[in-house]
Amino acid sequence: MTLKVVGLSRFPVKSMLGEEHDRLEFDVRGAVGDRRWALRHADGKLGSGKNTRRFRRVPGLLEHYAAYDGDGLPVITAPDGATLRPGDPRIPERFGDGVELVREGEKGPESHKDASAVSLIGTASLRALGDLLGDADPVDVRRLRKNIVVETDEPWIEESWVGREIVLGGGRGTEPLRLRGIKRVTRCVMVTQAQPGLPVDNRVLKTLTAARDMCIGIHTDVVTPAPLALGDTVAVR
């Protein structure tokens, strides 16, 4: 089976719904525009679907869509249809006193991402998780918020790519995107939360915890930036 790219997504605002694309540019920080913005509380914690040292849970973030406008600024569409941009006074009204929508690096050097530049998963792993859940269909990749989906025929095969170089696209005189697998992705409560078209499903995290040490997919870093498109081939070295 020839491995190929079948899904590309970026998420302009951390922990909100994002954009699916036919083609994405990648730089050393990952998909250009991915998680470049976040809701920031007055204490410096970033809005998220979970509570950690860095993040604060903000209910309902997965009911908000974020996309870039023609000027490269994020536009948040709320469930009631309201649109919010950086500096909008309604942001603290909706998300909490002192909350701002900030660009990465604007209020400090800390990355908005959890662990790596780019996340990746194989379609066979989505099918295998669906089987573990007892469902007829693969688990919906929207729950897992991956940047790249690769068509695969062996469940969990991408985990064997940790420590290896993953070469995506290229050809016809163009350089490919080169990633390096760095570790498995440990999942959190966000995979259980409701979003448009997907109900709350606590089985997902319970099943991953019991069967997969809470892990699915891999984190990668960018070795050589390049654009990537749906249908591009994938090789692992």
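Heads up: the structure comes first, above all this text.
Notes on the structure follow. As the structure is a computational prediction, the values presented were derived from the model and not from experiment.

1. So, the pattern of salt bridges
Right, on to step 1. Applying the stated criterion across every chain, the model contains 20 salt bridges.
Right, on to step 2. A salt bridge links glutamate 100 to lysine 107, with the nearest nitrogen and oxygen atoms 3.6 Å apart.
Right, on to step 3. As a salt-bridge pair, arginine 184 and aspartate 213 come within 4.0 Å of each other at their nearest N and O atoms. Of this pair, arginine 184 sits in strand 15 (residues 177-186) while aspartate 213 sits in the loop between helix 3 (203-212) and strand 16 (215-224), and the two are 29 residues apart along the sequence.
Right, on to step 4. Of the residues examined, arginine 184 reaches a relative accessible area of 26% and is grouped as partly exposed.
Right, on to step 5. Judged by relative accessible area, which is 58%, aspartate 213 ranks as exposed.
Right, on to step 6. Overlapping salt bridges bring together Glu159, Arg184, Arg212 and Asp213 as one network.

2. Notes on the sheet that holds strand 18 (residues 234-236)
Right, on to step 1. One open sheet accounts for eight strands, arranged 2-1-13-12-16-15-14-18; its pairing is mixed. With one partner strand each, in any of the chains shown, strand 2 (19-20) and strand 18 form the two edges of the open sheet.
Right, on to step 2. Sheet topology note: the strand 1 (residues 4-10)/strand 2 ladder contains two bridges and is antiparallel. Residue pairing in the sheet places arginine 10 in a bridge with glutamate 19 of strand 2.
Right, on to step 3. Most of the contacts of helix 2 (residues 123-133) go to strand 12 (residues 118-122), to which it runs at about 65°, and overall it touches strand 1, strand 12, strand 13 (148-151) and strand 16.

3. Brief notes about the packing of aromatic side chains
Note on aromatic pairs: each is described by the distance of the centres and the angle between the planes.
Right, on to step 1. In the structure shown here, the tally under the stated rule is zero aromatic pairs.
Right, on to step 2. Positioned above the aromatic ring of phenylalanine 11 is the side chain of arginine 145, whose terminal nitrogen or guanidinium carbon lies 4.4 Å from the ring centre.
Right, on to step 3. Here the basic side chain of arginine 212 rests over the ring of tryptophan 156, its NZ or CZ set 4.0 Å away from the ring centre.

4. Overview of the environment of leucine 46
Right, on to step 1. With respect to the helices and strands, leucine 46 occurs in strand 6 (residues 46-48).
Right, on to step 2. Overall, the relative accessible area of 6% leaves leucine 46 in the buried class.
Right, on to step 3. Sequence spacing of leucine 46 and valine 200 is 154 residues, and the spatial spacing of their C-alpha atoms is 23 Å.

Calculation criteria
- Residues numbered from 1 in each chain as written.
- Predicted model: local features only at pLDDT ≥ 70, side-chain atom pairs only at ≥ 80, totals over all residues.
- Heavy atoms only, no water.
- Salt bridge = Lys/Arg side-chain N within 4 Å of Asp/Glu carboxyl O.
- Helix = DSSP H or I, 4+ residues; strand = E, 2+ residues; numbered from the N terminus.
- Buried < 20%, exposed > 50% of the residue type's maximum accessible area, 1.4 Å probe, protein only.
- Pairing = 2+ DSSP bridges.
- Contact = heavy atoms within 4.5 Å.
- Axes fitted to C-alpha atoms, helices over the stretch in contact; angles between N-to-C directions.
- Phe/Tyr/Trp six-rings, centres within 6.5 Å; stacked < 30°, edge-to-face > 60°.
- Lys NZ or Arg CZ within 6 Å of the ring centre and 35° of its normal.

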